[in-house]
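# Chain and residue survey
Chain by chain, the residues:
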Amino acid sequence: METQIAPGPKLQKYGITEKKKAELDLLKNQVTDAAAIVQQQQTIVTSLNEKSTRYQGYLLVAESNRSHALSNKNLIDQVIQNASDLAFNSNNAFSKTTIATKDAGIVSQNISDLITKLIYSVEIINKLSNLVIRKKALNPLISDDLIARIGTAGTDANNAVALTLVALKSTLAAEAAVLESEAAITLENRQAAKLYLTLTDEKSIDASLTSQPTSDTSIRGLLYNAYKDAQITYEKANNANDETARQLSIATANLNKAQVKLQSLQSSLAAATAAAYAS
């Protein structure tokens, strides 16, 4: 009589095998999904790394442009201040030179008046001397000392006229020099004021000493606006760079988590596969 083998144990063994196969398939699917997530996160991190590199470059350029714009802004302030100081100083010098010119004219006029009076005195002394000499011829009692003194007075008067003429010549030369200086200072004052007004577009140098830059068309206004634009560009580049760095930090953390999860699932799959083949 042939022995019958009970089918129970085979069915049970088959069921365990299918269950393990299903578990392995599930783990494989999880590993595949986790690997896809890691790949996706790696792509994001790579893209953000490239973006961060570009934005760091933009930030360096923006910082360099801002630095140059600030340097130009400070330089135009110095140039304008120098022009203002030059105009102010030349204006003071012009005022003092004008006074000196007036004073020199007065001195020249006074010396001219003095020369006129001296010449008149010489004429009077000469007439007196001639009169005394004629009287001496008629009256020997007239003192020779008187005649000598009158002659000396005439000589001194002539010498005084000569010296005064020298003084007048020197005064006229000084007056000419002052006039020449006045002309030069006037030209300097005009050019300094013109330079200042050109740089600032102000209507007058006095009204602009306490004013703030308001004109967009002047050299100062253009350089101020250039610095303002460079500052805005720098702030935008800096904010974008910071935001990119923040995104990269988050993406890197997500990538690390995905890699840890993938490694855990791969370890679980390897252990489950080994256990399935061992049973």
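Residues numbered from 1 in each chain as written. Predicted model: local features only at pLDDT ≥ 70, side-chain atom pairs only at ≥ 80, totals over all residues. Heavy atoms only, no water.

### Structural notes on the overall build of the protein
The condition is simple: Only DSSP runs of H or I covering at least 4 residues are called helices, and only runs of E covering at least 2 are called strands; the numbering of each starts at the N terminus. The cut-offs for exposure are 20% and 50% of the maximum accessible area for each residue type, with area from a 1.4 Å probe on protein chains only; residues under the lower value are buried, those over the upper are exposed, and the others partly exposed. Contact definition: two residues touch when any of their heavy atoms are within 4.5 Å. Note on areas: Shrake-Rupley, 1.4 Å probe, and residue coverage restricted to the protein chains presented here.
Regarding its fold elements, the protein presents three helices and zero strands. Starting at the N terminus, the α and β elements of the protein follow one another as α-α-α. Across the 279 residues of the protein, 24% fall into the buried class. Long-range contacts, defined here as pairs at least 24 residues apart, represent 79% of the contacts in the protein between residues at least 6 apart. If you sum the accessible surface of the protein, you get close to 19,100 Å²; carbon and sulfur atoms cover 59% of it.

### Notes on the packing of aromatic side chains
To describe a pair of aromatic rings, one takes the distance between the centres and the angle between the planes. Basically, it comes down to this: Classification of ring pairs rests on two measures: the distance between centres of Phe, Tyr or Trp rings, Trp counted by its six-membered ring, which must be within 6.5 Å, and the angle between planes, read as stacked under 30 degrees, edge-to-face over 60 and tilted in between. Look at NZ for Lys and CZ for Arg. If either is within 6 Å of the ring centre and within 35 degrees of the ring normal, a charge sits over the ring.
Taken as a whole and assessed by the stated rule, the structure comprises one aromatic pair. Seen from their ring centres, Y55 and Y58 are 5.6 Å apart, and the 45 degrees between their planes marks the pair as tilted. Here the residue Y55 and the residue Y58 both occupy positions in helix α1 (residues 8-138), the gap between them amounting to three residues, near one helical turn. Against the face of Y55 rests K51, its NZ or CZ located 5.5 Å from the ring centre. Positioned above the aromatic ring of Y234 is the side chain of R66, whose terminal nitrogen or guanidinium carbon lies 3.8 Å from the ring centre.

### Remarks on the nonpolar core
How we decide: Joining through side-chain atoms within 4.5 Å is the link that ties buried Ala, Val, Leu, Ile, Met, Phe, Trp, Tyr and Cys residues into a set, and such a set is a nonpolar core.
V31, V38, V45, L262 and L269 are the most contacted members of the largest nonpolar core, which totals 14 residues. Broken down by secondary-structure element, the contributors of at least two residues to this core are α1 and α3 (219-278). Those residues in contact with V45, other than ones at most four positions away along the chain, are L248, A251, T252 and L255. In this structure, L118, V132, I150 and V161 belong to the second largest nonpolar core, which totals seven residues.

### Remarks on helix α2 (residues 144-200)
We apply this condition: Expected span of a helix, by definition, is 1.5 Å for each gap between consecutive residues, and there is one gap fewer than residues.
Counted at 1.5 Å a residue, the expected span for α2 with its 57 residues is 84 Å, and the 82 Å between its end C-alpha atoms agrees. Immediately downstream of α2, the backbone of D201 shows phi near 65 degrees, a positive value.

### Looking at the environment of I80
Its location among the elements puts I80 in helix α1. What makes I80 buried here is its relative accessible area of 6%. When the C-alpha positions of I80 and L195 are compared, they lie 8.4 Å apart, and in sequence the two are 115 residues distant. Discounting residues that sit within four places of it in the chain, I80 has contacts with Y196, L199, T200 and R220.

### Focus on the confidence of the model for the protein
Rules: Think of pLDDT as the predictor's per-residue confidence, scored from 0 to 100.
On average, residues of the protein carry a pLDDT of 80, and 88% of them reach 70 or more. Element-level pLDDT for the protein is lowest in α2, with a mean of 77, against a maximum mean of 92 in α3.

### Details of the environment of S108
Along the chain, the position of S108 falls in helix α1. Sequence separation between S108 and S170 is 62 residues; the distance between their C-alpha atoms is 9.3 Å. Contact partners of S108, with chain neighbours within four places excluded, come to L168, T171, L172 and E175.

### Some words on the pattern of salt bridges
Using the following cut-off: We count a salt bridge whenever a side-chain nitrogen from Lys or Arg sits within 4 Å of a carboxyl oxygen from Asp or Glu.
Taken as a whole and assessed by the stated rule, the structure comprises three salt bridges. In this structure, D25 and K21 form a salt bridge, with 3.2 Å as the shortest nitrogen-oxygen distance. Note that D25 and K21 are positioned in helix α1 at a spacing of four residues, about one turn of the helix. For the salt bridge of E243 with R246, the shortest nitrogen-to-oxygen distance reads 2.6 Å. With E243 and R246 both in helix α3 and three residues apart, this pair spans about one turn of that helix.

### A look at the side chain of K73
By the secondary structure assignment, K73 is in helix α1. Not counting the four nearest positions on each side in its chain, K73 is found in contact with Y224 and Y227.

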